[in-house]
Amino acid sequence: MKTFLSALMLVPAALFAQIQSPKEFLGYELGEKFSRHHQVVDYYKHLSEKSEKVTLQEYGKTYENRPLLLAFVSSEENLKNLENIRTDNLKRAGIIEGTPDSNIPIIWLSYNVHGNESSSTEASMATIYELINDASDKKEWLDKAVIIIDPCINPDGRDRYVNFFWQNASQPYNPDPNALEHNEPWPGGRANHYLFDLNRDWAWQTQIESQSRIKVYNRWLPQIHVDFHEQGINSPYYFAPAAQPYHELLTSFQRDFQTEIGRNHAKYFDANDWFYFTKQFFDLLYPSYGDTYPSYNGSIGMTYEQAGHGRAGLGIIKQEGDSLTLFDRIAHHYTTGLSTIEIAVNNSDRLLTQFEKFFGDNASLKYKTFVMKHDGNEDKFNTLKTWLDNQGIVYGSASGRGIKGYDYQSGGEASFSISANDLVINMDQPKATLAHILFEPQTKLVDSVTYDITAWGVPYAYGIQAYATKQMIPVNKVNASSFNESTAPEKVYAFVSKWNSMDDARFLAALLKEGIKVRFTQKPMNYKGESFDRGSLIIARRDNKGTSNFEDKITKIANEHTRTLAIIQTGFMDGGPDVGSSEVRYLKRPKIALLGGDGTSSLAFGAMWHFMEQELEYPVTILGTDYLGRTNLSEYDVVIMQSGWYSSFGEREMKKLMDWVSAGGKLIAVDGALNKLKDSDYSSLSAYANDEEKKAAEKKDTDRDEKARLIAFENQEREFIKGFSPGAIYKVKMDETHPLAFGYGDSYYTLKTGSRRVAYLDGNNVGIVVGEKDLLSGFSGQYAKEDMAKTLVFGVENKGSGQIVHIVDNPLFRSFWQNGKLLMVNAMFFVGQ
């Protein structure tokens, strides 16, 4: 057998008339055309209806209402026993009690997580047909394994790409790389509806596709998981083993079995003279990929990368003059898919034994318990608990004094106590490895050249003071927190609501959408022994005199958002400003616009779009960068420039924005968008505080460049990363008196995904990195650490009657940095009021 695919093509259709081949069902050979998602769904439904070897499950729907499917493929006997096989697997993992009585491994194949990496969904149809058709020689495999196929993780992105290609491709296709069909417009088909990269969302589960998938994934926990991808058109095929760095908690079996799988693939690729490579680029560190997240859940998790991506279309000419067709791409993915199943079924006993061992041996874990200190912010802890529940990570309460452990805030050893409300996670549980990796304060790097961010510690992401101890501390089960709805009082002077969470922000958004007028305090207040911190919301009867049944309406909205409101019966406060004080500001309902389109980062734009619609639930108007020049900006109070290049923004567009700011508008510029303001007449933003500092920095850069010229060619990449910070966590000193920082204390943890240095503003420097010691977790190169000392993170400057809010580190990066989200709300609602 030269290839699996060649065998498929030789089988006469008449031998298995009950089920149709992809060609018979679709009306074209796989590779001749791109299949739209509804056609793929229809084919899988056909197979499920006609074959006793396929069971189909719809596990969710996308934001655009497309179905998400899983096909369970096995022998008829195994499918009848499917629930028992599933529960036996969870018994091996210790998720449920009992001893398994079956020995069937589970192999999970995930296709098309990136929508424009479109060959894999086509390959999935070839793969499943080869497994179940009556003439197949793979029948024995189905007796020995359950294969779960997700034909398309990202249907919305796939159809965005496929529709683009159908609309723009030549007939026949044009292989010239310059042709329109090989050059997608913004935003491309890679991401989902909200332009999130679903391959970075496995652990964080911010998107509906990920939430739906992980819920069912954790009900199965396969022994092998493959994530099918595509890369640049000139790259050979990539398969396991992965590149360094591997996370240190991956077992020797997980590492070694990847090599065995790779050698099996190589056998078929060699037979066809196909190029491939291993052990480069694609590492196993960042925990939210489709290879690492399964690996940290006991699987052999792997990425397979085929040349193609959104450029290849039906066929394209590569750099060496050879052509790459959709037929080629399908054949390669088809081959590795079947090769994976082959080696898995031939090693099923080893896979099951090592899988069980993965969950049973936690001795190698450095820390045995993680303690999250409760700070009174119940909303924050409820959000964390929900996320832990979705992961299957067990937590509880405990007590203890004089415990030694790693202090996340100081970065050193400290002694601490455990209080009754603290959240405690110990490693005496099946998901210990996953929990340890997600919560560890420092991730060990054997190689600083990585594919992604190097720090993600959950306590930092949630803004929680935490400790990691090597002591195993027993935990007690905690009861779910409950909310008691309030009854509307007869009459109030005003309601007061706290301000320190996204739940509070959603409550504010709901009030404003209902036309309720709101104030907020800029200084702490006290009434009858109850304190209200900066940012607390005040809903006064006087402001809302036109609202009928005022008390009933406010109480109803509060109950819907699980808010407990304080009631004050006078504007005279016992401490702090009175309700009528100028320190209690009226909050004008802002009309918000978000710039999107060509020149903006689709990922950053998508994160903001998703945040406004799905998290804050507040209306936003998207303005295209291509027609901003003819937009009347006076209709908007806030304009958000999320990260991007804004290459089409010349002097005309920037002047229009700045004139609008000067007239009273508020511009929020994030990350890459700051480059349009830096060292310009529009803003005081600069990399250097003065000419003297600039000259010193330029001399330092010259010295570095001279040194770099003498570095050997093979070491130049490592020299380059001295100036790079690929996702490291820094402590930020905050001015908690500024409206941008309301709801925060005097410190914040920021995730830096670049090494941009920004000098302090001629304005309000609300969040700053003070020095190199503020690096708490992750890798920052030597030069990057030096350059980012004394740098701005968050700032506000006045311009005419308006403001510019500078946000250097994007708090909405991949939407998992929970503690940064309120800051974006502050920027939109509080600053400048």
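Only a predicted model underlies this, so the values are computations on that prediction, with no experimental measurement involved.

Draft legend 1. Local environment of the overall build of the protein. Summing up its helical and strand segments, the protein has 24 helices and 34 strands in all. A compact globule built from 833 residues should have a C-alpha radius of gyration of about 28 Å, and the protein, at 28 Å, falls within 12% of that. With the C-alpha coordinates of the protein rotated into their principal frame, the extents come out at 85 × 60 × 60 Å. For the protein, with 833 residues in total, the buried portion stands at 60%. Working note: accessible area of the protein is about 32,600 Å², and carbon and sulfur atoms make up 46% of it. Charge-centre separation for the protein: the mean point of 89 positive side chains lies 4 Å from the mean point of 106 negative side chains.

Draft legend 2. Highlighting unusual backbone geometry. Cis peptide bonds are those with omega within 30 degrees of zero, and the linkage from glutamine 171 to proline 172 qualifies with 0 degrees. Residue placement: proline 172 occurs in the loop between helix H8 (155-168) and helix H9 (208-217). Of note, the amide linkage connecting tryptophan 186 to proline 187 takes the cis form, showing an omega dihedral of 5 degrees. Structurally, proline 187 is set in the loop between H8 and H9. Residue aspartate 273 is not a glycine yet carries a positive backbone phi of 60 degrees. Within the element layout of this structure, aspartate 273 appears in the loop between helix H10 (252-271) and strand E8 (276-277). Take aspartate 273: its relative accessible area is 68%, and that puts it in the exposed class.

Draft legend 3. Highlighting the side chain of asparagine 218. By the element assignment, asparagine 218 lies in the loop between H9 and strand E5 (224-231). Of note is the side chain of asparagine 218, whose polar atom sits 3.2 Å from the backbone oxygen of asparagine 390. In contact with asparagine 218, other than residues within four places in its own chain, are Leu90, Tyr293, Asn297, Asn390, Gln391 and Lys431.

Draft legend 4. The arrangement of the nonpolar core in detail. Core analysis: the biggest nonpolar cluster contains 147 residues, and Phe439, Phe611, Leu616, Met828 and Phe829 have the highest contact counts within it. Tallying contributions element by element places helix H17 (residues 502-513) first for this core, with eight residues. The residues touching phenylalanine 611, leaving out its near neighbours within four places in the chain, are Met502, Leu616, Glu617, Leu812, Lys821, Met824, Val825 and Met828. Tyr28, Val40, Val162 and Ala240 belong to the second-largest nonpolar core, a separate cluster that totals 58 residues.

Draft legend 5. Focus on the packing of aromatic side chains. The final tally for this structure, using the stated rule, is 50 aromatic pairs. Aromatic side chains tyrosine 406 and tyrosine 408 sit 5.8 Å apart centroid to centroid with 85 degrees between the ring planes, which places their arrangement in the edge-to-face category. Look at tyrosine 406 and you get buried, because its relative accessible area is 12%. Accessibility expressed as a relative area gives 0% for tyrosine 408, which makes it buried. Arranged with centres 4.8 Å apart and planes meeting at 50 degrees, the rings of tryptophan 499 and phenylalanine 830 form a pair that is tilted. Highlighted residues: tryptophan 499 in the loop between strand E18 (494-497) and H17 and phenylalanine 830 in the segment after helix H24 (821-829), separated in sequence by 331 residues. We classify tryptophan 499 as buried; its relative accessible area is 4%. By relative accessible area, phenylalanine 830 is classed as buried at 1%. Ring pairing ties together the aromatic residues Tyr63, Trp186, Tyr194, Phe605 and Trp609, which thus form one cluster. Stacked on the ring of tryptophan 141, the Lys or Arg lysine 138 has its end atom at 5.7 Å from the ring centre.

Draft legend 6. Examining the sheet that holds strand E23 (residues 566-568) more closely. Taking strand neighbours across the sheet as the criterion, the five strands line up as E23-E18-E22-E19-E24 in an open arrangement whose pairing is antiparallel. Each edge of the open sheet is held by one strand with a lone partner, namely E23 and strand E24 (584-587). On average, each strand axis in the sheet is tilted by 30 degrees relative to the strand beside it, whichever way the strands run. Summarising the sheet, strand E19 (residues 518-521) and strand E22 (residues 537-540) pair through two bridges and their orientation is antiparallel. Pairing of arginine 519 across the sheet is with isoleucine 538, part of E22.

Draft legend 7. Looking closely at the side chain of threonine 303. Structurally, threonine 303 is set in strand E10 (residues 300-307). Reaching out from threonine 303, the side chain makes a polar contact with the side chain of aspartate 291 at a distance of 2.8 Å. Excluding anything up to four places from it in sequence, threonine 303 contacts Asp227, His229, Tyr238, Phe239, Ala240 and Asp291.

Draft legend 8. Region of interest: the pairing of strand E15 (residues 412-418). Of the strand pairs in this sheet, strand E14 (residues 400-407) and E15 are connected by six bridges, and their pairing is antiparallel. Among the inter-strand pairings, tyrosine 406 is bridged to a residue of E15, identified as glutamate 413. In sequence, E14 turns back onto E15 through a hairpin of four residues, with glycine 411 there showing a positive phi of about 80 degrees.

Draft legend 9. Examining the pattern of salt bridges more closely. One pass over the structure, following the stated rule, counts 40 salt bridges. Close ionic contact of arginine 158 with glutamate 122 constitutes a salt bridge, the shortest N to O distance being 2.6 Å. Note that arginine 158 is positioned in helix H8 and glutamate 122 in helix H6 (residues 119-132), a separation of 36 residues in sequence. On the accessibility criterion, arginine 158 (0% relative accessible area) is buried. Counted as one network, the salt bridges with shared partners bring together Glu117, Arg190, Asp197, Arg200, Asp452 and Arg814.

Draft legend 10. Up close: a negative patch on the surface. Taken together, the side chains of Asp533, Asp735, Glu736 and Asp746 make up a negatively charged region of the molecular surface. Of note, aspartate 746 is situated in the loop between strand E29 (728-734) and strand E30 (747-752). What makes aspartate 746 partly exposed here is its relative accessible area of 49%.

Draft legend 11. Broad picture of the sheet that holds E15. In spatial order, the strands read E15-E14-E17-E13-E16; together these five strands make up an open sheet with antiparallel pairing. Where the open sheet ends on each side, the last strands, each with one partner, are E15 and strand E16 (423-426). Across the sheet, the axes of successive neighbouring strands diverge by a mean angle of 35 degrees, strand direction being ignored.

Draft legend 12. Inspection of the packing of H6 against helix H12 (residues 326-345) at higher detail. As a packed pair, H6 and H12 sit with axes 8 Å apart at the nearest point and diverge in direction by 50 degrees. The angle between H6 and H12 places the two elements in the oblique class. Of the two elements, H6 crosses H12, and the hand of that crossing is right-handed. Seen from H6, the contacting residues are Ser119, Ser120, Glu122, Ala123, Ala126, Thr127, Glu130 and Leu131; seen from H12, they are Leu326, Arg329, Ile330, His333, Tyr334, Leu338 and Ile341. For the contact of H6 with H12, a count of residues per class yields eight nonpolar, four polar and three charged.

Draft legend 13. Structural view of the pairing of strand E31 (residues 764-769). In this structure, E29 lies alongside E31, joined through two bridges in antiparallel fashion. Opposite methionine 734, over in E31, you have glycine 767 as the bridge partner. Pairing between E31 and strand E33 (residues 791-799): five bridges, direction antiparallel. Within the sheet, the bridge partner assigned to valine 769 lies in E33 and is threonine 791.

Draft legend 14. Layout of the packing of helix H5 (residues 82-93) against helix H13 (residues 348-360). At a minimum axis distance of 7 Å, the contact between H5 and H13 shows a crossing angle of 50 degrees. Compared by their axis directions, H5 and H13 come out oblique. Packed against H5, whose contacting residues are Asn89, Arg92 and Ala93, the element H13 presents Leu352, Phe355, Glu356 and Phe359 at the interface.

Draft legend 15. Local environment of the environment of valine 446. Locating valine 446 in the fold gives a position in the loop between helix H15 (432-439) and helix H16 (458-462). With 202 residues separating them along the chain, valine 446 and glutamine 244 place their C-alpha atoms 7.3 Å apart. Leave out the neighbours within four places in its chain, and valine 446 touches Gln244 and Pro245.

Reading guide: rules and limits
Residues numbered from 1 in each chain as written. Predicted model: local features only at pLDDT ≥ 70, side-chain atom pairs only at ≥ 80, totals over all residues. Heavy atoms only, no water. Helix = DSSP H or I, 4+ residues; strand = E, 2+ residues; numbered from the N terminus. Rg over C-alpha atoms; globule rule 2.2 N^0.38 Å. Buried < 20%, exposed > 50% of the residue type's maximum accessible area, 1.4 Å probe, protein only. Areas by Shrake-Rupley, 256 points an atom, 1.4 Å probe, with all protein chains shown as cover. Lys, Arg positive; Asp, Glu negative; His and termini not counted. Charge placed at Lys NZ, Arg CZ, Asp CG, Glu CD. Polar contact = N/O pair within 3.5 Å; in protein donor to acceptor, adjacent residues only side chain to side chain. Contact = heavy atoms within 4.5 Å. Core = buried A, V, L, I, M, F, W, Y, C linked by side-chain atoms within 4.5 Å. Phe/Tyr/Trp six-rings, centres within 6.5 Å; stacked < 30°, edge-to-face > 60°. Lys NZ or Arg CZ within 6 Å of the ring centre and 35° of its normal. Pairing = 2+ DSSP bridges. Axes fitted to C-alpha atoms, helices over the stretch in contact; angles between N-to-C directions. Salt bridge = Lys/Arg side-chain N within 4 Å of Asp/Glu carboxyl O. Patch = residues over 30% accessible without salt bridge, like charges linked within 9 Å, V, L, I, M, F, W, Y side chains within 5 Å. Parallel < 35°, antiparallel > 145°, perpendicular 65-115°, else oblique. Left-handed = near helix turned anticlockwise from the far one by under 90°. Nonpolar A, V, L, I, M, F, W, Y, C, P; charged D, E, K, R; others polar.

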